[in-house]
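Listed below, chain by chain, are the residues.
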There are 2 protein chains.
Amino acid sequence: MTKTFNDLLARLDACDMKKVAVAVAQDAPVLEAVKAAKERKIADSILVGDEEKIRAIAKEIDMDLTSFEIINVVDTMEAALTAVKLVHDGKADMYMKGLIDTKSFLKSVLDKEVGLRTGKALSHVCVFDIEGVDHLLFLTDVAFMTYPTLEDKVNIIKNTVEICEACGIDNPKVAPLAAVEVVNPKMPATVDAAELTRMNNEGEITGCIVDGPLSMDLAICPEAAQHKGAEGRKIVGDADILLFPDIHAGNLVYKTLVHTAKVINGNIITGTKAPVILTSRSDDFETKVNSLALGAVVAEKLKNN
Amino acid sequence: MTKTFNDLLARLDACDMKKVAVAVAQDAPVLEAVKAAKERKIADSILVGDEEKIRAIAKEIDMDLTSFEIINVVDTMEAALTAVKLVHDGKADMYMKGLIDTKSFLKSVLDKEVGLRTGKALSHVCVFDIEGVDHLLFLTDVAFMTYPTLEDKVNIIKNTVEICEACGIDNPKVAPLAAVEVVNPKMPATVDAAELTRMNNEGEITGCIVDGPLSMDLAICPEAAQHKGAEGRKIVGDADILLFPDIHAGNLVYKTLVHTAKVINGNIITGTKAPVILTSRSDDFETKVNSLALGAVVAEKLKNN
């Protein structure tokens, strides 16, 4: 059973090294992350970008490029399309953002010819191993979908349940979060939460257990959940997936955790043919490496589907 | 300068013991909190409620009632109105909820004859002392106002600035939070944040420094703020007041902090003639005592106004 980020990393021991195609790789923090990913046997890389600049940065950070494949493409958009095509064609298992703005990077992900569209909606998932919480938490969506509709939320749940399964967590518990745990017609988030729960009860959302609306304490703290009364609840502080009402709530909780709790975390974009790693400049080194590990675990699952 | 909850408690040494009127006091957790508040010289109490039940609970929790004033009123609503009138008439300095539902309790707060209305909007503020953050954070509104309009947000800021001043924090920095730190017309929270900042720049909101929209890391983490570029920013990880876009974002962050960070916190309702302590059944013992301390500090300030 996967309970910690170490459990997640251990899953990689059993499978071949995955390969990540990096778009516009001439970026020191990204090169440091792929260097560490190789050393820790998480993933190999193909570096697509300005070779001269890649070599200059590698020298600065004392990175031996001998065992890395480099494809020299100077133009940014062209480099991204070249890198994403490697994943599209099965020559790499996952796709990572380098020194390119998010909009252009996502354009390459969604490219009709060489991109990674599946027809599914894209969403973002952040996996947290938090001191004081006895299992992994999958937060969604804290970075990508802004104001998800009910339909969007159904898609986010489907995407995230797949990620949980890839991580070894079957039939995950999904908490559609709100400020309160009772339905209030004046709070649309609670109405959506109740509807998602109904859809799950009636077999319209499968592979998981949905129970909401839930407040954060009922979702992640068994003692608080017991204290408030767990009767009739399917989630008693043991939620795996935390579904946020909107990006503000999700992102504010995400950054609160990063800056005030002891956490290990990684994140990927999902709903694509292969995992997409879109770390931000504010993510630290370990988060980037963890995101590569998470991507590798998911890539292994997709390969076996 | 007040930087921690201990600094806040130290302010009480300089002033007379304040007195709290408790509505429907026959509640073990509330009696334990007022007992501790007395022992720690935070506040005296007047217990209004069913005297027989109050005495029975006091016996159970080994509480000596000799030095407590008890007013026997068996009916719940009548007990609340009796207790709130003590504050209204200046016989007590603050008002606390006991074994009464929130709706009835607030009805007593807002009572036109004996309540604590001021004409100002009511809002909730939660004060956090968080390990890893070097000063107190005032979160608002995480419990009371659901979807504040721009006008509501102005009122919340005014209420919370007063609380900061009472705590010894002059000209506090106010961060209107969002998922992003740039204005996006598709995200109303960012538009409101920019407008609040403009109003502050042009002297329509005074006594504080408003700078938004801000993401959580820019608001509370100086390193992250520096990393992202602090140029032109008035807040660089040193916000005092965290203004949330809505109750979901606020409450989810609040409970995340309580359950995953090392925190000391207390909270009150403000915008009233006297501090109102509306702790919830999920608040722990120390939070209730801290809320009494916060109320006492604010009561001292109001007395001197």
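What counts and what doesn't
Residues numbered from 1 in each chain as written. Chains lettered and ligands numbered in written order. Predicted model: local features only at pLDDT ≥ 70, side-chain atom pairs only at ≥ 80, totals over all residues. Heavy atoms only, no water. Helix = DSSP H or I, 4+ residues; strand = E, 2+ residues; numbered from the N terminus. Buried < 20%, exposed > 50% of the residue type's maximum accessible area, 1.4 Å probe, protein only. Polar contact = N/O pair within 3.5 Å; in protein donor to acceptor, adjacent residues only side chain to side chain. Contact = heavy atoms within 4.5 Å. Least-squares fit on C-alpha atoms with pLDDT ≥ 70 in both. Phe/Tyr/Trp six-rings, centres within 6.5 Å; stacked < 30°, edge-to-face > 60°. Lys NZ or Arg CZ within 6 Å of the ring centre and 35° of its normal. Buried area = accessible area lost by both parts, 1.4 Å probe. Salt bridge = Lys/Arg side-chain N within 4 Å of Asp/Glu carboxyl O. Nonpolar A, V, L, I, M, F, W, Y, C, P; charged D, E, K, R; others polar. Axes fitted to C-alpha atoms, helices over the stretch in contact; angles between N-to-C directions. Parallel < 35°, antiparallel > 145°, perpendicular 65-115°, else oblique. Left-handed = near helix turned anticlockwise from the far one by under 90°.

1. Description of the side chain of K18(B)
All names here are of chain B.
(1) Moving on: Within the secondary structure, K18 sits in strand β1 (residues 18–23).
(2) Moving on: Residue class for K18 comes out buried when judged on its relative accessible area of 2%.
(3) Moving on: Here the side chain of K18 touches E300 through a polar contact of 2.6 Å, side chain to side chain.
(4) Moving on: The contact partners of K18, leaving out residues within four places of it in the chain, are I42, A43, D44, D93, M94, A296, A299, E300 and K303.

2. Here's the deal with the relation of the copies chain B and chain A
Put simply, the second copy of the chain is the first one after a rotation about an axis and a shift along it.
(1) Moving on: After a rotation of 180 degrees and a shift along the axis of 0.0 Å, chain B superposes on chain A with an RMSD of 0.0 Å. Both copies of the chain, as the preceding transformation shows, are related through a two-fold rotation axis. By C-alpha distance to the rotation axis, the residue of chain B lying nearest is A249(B), at 1.9 Å.
(2) Moving on: Comparing contact sets, 100% of the residues at the interface of chain B also lie at the interface in chain A, consistent with an isologous, same-surface contact.

3. Section: the packing of aromatic side chains
All names here are of chain A.
(1) Moving on: What the rule picks out here adds up to four aromatic pairs over all chains.
(2) Moving on: Between the aromatic rings of Y95 and F105, the centroid separation amounts to 4.7 Å while the plane-to-plane angle is 20 degrees, which identifies the pairing as stacked. One end of the pair, Y95, is in strand β4 (residues 94–97); the other, F105, is in helix α5 (residues 102–109), and ten residues separate them in sequence. Of the two residues, Y95 and F105, neither departs from the other in class, the shared state being buried.
(3) Moving on: Geometry around F68 places K38 over its ring, the cationic atom sitting 5.5 Å from the centre.

4. Overview of the interface of chain B and chain A
(1) Moving on: If you look at the interface, chain B gives 37 residues, while chain A gives 38 residues.
(2) Moving on: Of the roughly 3,100 Å² buried between chain B and chain A on both sides combined, carbon and sulfur atoms contribute 69%.
(3) Moving on: Summed over the shared surface of chain B and chain A, the result is two salt bridges.
(4) Moving on: The partner of D217(B) in a salt bridge is K255(A), with the nearest N and O atoms 3.6 Å apart.
(5) Moving on: Scanning the region where chain B abuts chain A turns up two residue pairs in polar contact (both at pLDDT 80 or more).
(6) Moving on: Taken together, the elements giving at least two residues each to the side of chain B that touches chain A come down to α7 (188–201), α8 (216–220), α9 (222–228) and α10 (247–260) of chain B.
(7) Moving on: For the side of chain B that touches chain A, the element with the most residues is α10(B), which contributes eleven residues.
(8) Moving on: Of the residues contributing to the side of chain B that touches chain A, the split by class is 21 nonpolar, nine polar and seven charged.

5. Comments concerning the packing of helix α10 (residues 247–260) of chain A against α10(B)
(1) Moving on: Orientation of α10(A) relative to α10(B), taken along the N-to-C sense of each, is 25 degrees, at an axis distance of 8 Å. Viewed along their axes, α10(A) and α10(B) adopt a mutual orientation that is roughly parallel. The element α10(A) and its partner α10(B) pack so that their crossing is right-handed. Counted together, H248(A), A249(A), L252(A), V253(A), T256(A), L257(A) and T260(A) of α10(A) and H248(B), A249(B), L252(B), V253(B), T256(B), L257(B) and T260(B) of α10(B) form the full contact between these two elements.
(2) Moving on: Taken together, the residues of the contact of α10(A) with α10(B) break down into eight nonpolar, six polar and no charged.

6. Brief notes about unusual backbone geometry
Residues and elements named next belong to chain A.
(1) Moving on: A cis amide bond links T140 with the next residue in sequence, D141, at an omega value of -5 degrees.
(2) Moving on: On the secondary structure map, D141 appears in the loop between β6 (137–140) and α6 (150–166).
(3) Moving on: Even without being glycine, K41 reaches a positive phi, approximately 60 degrees.
(4) Moving on: Here K41 shows up in the loop between α2 (28–39) and β2 (43–49).
(5) Moving on: Phi is positive for N171, which is not a glycine, with a value near 50 degrees.
(6) Moving on: Within the fold, N171 resides in the loop between α6 and β7 (173–176).
(7) Moving on: Of the residues examined, N171 reaches a relative accessible area of 42% and is grouped as partly exposed.

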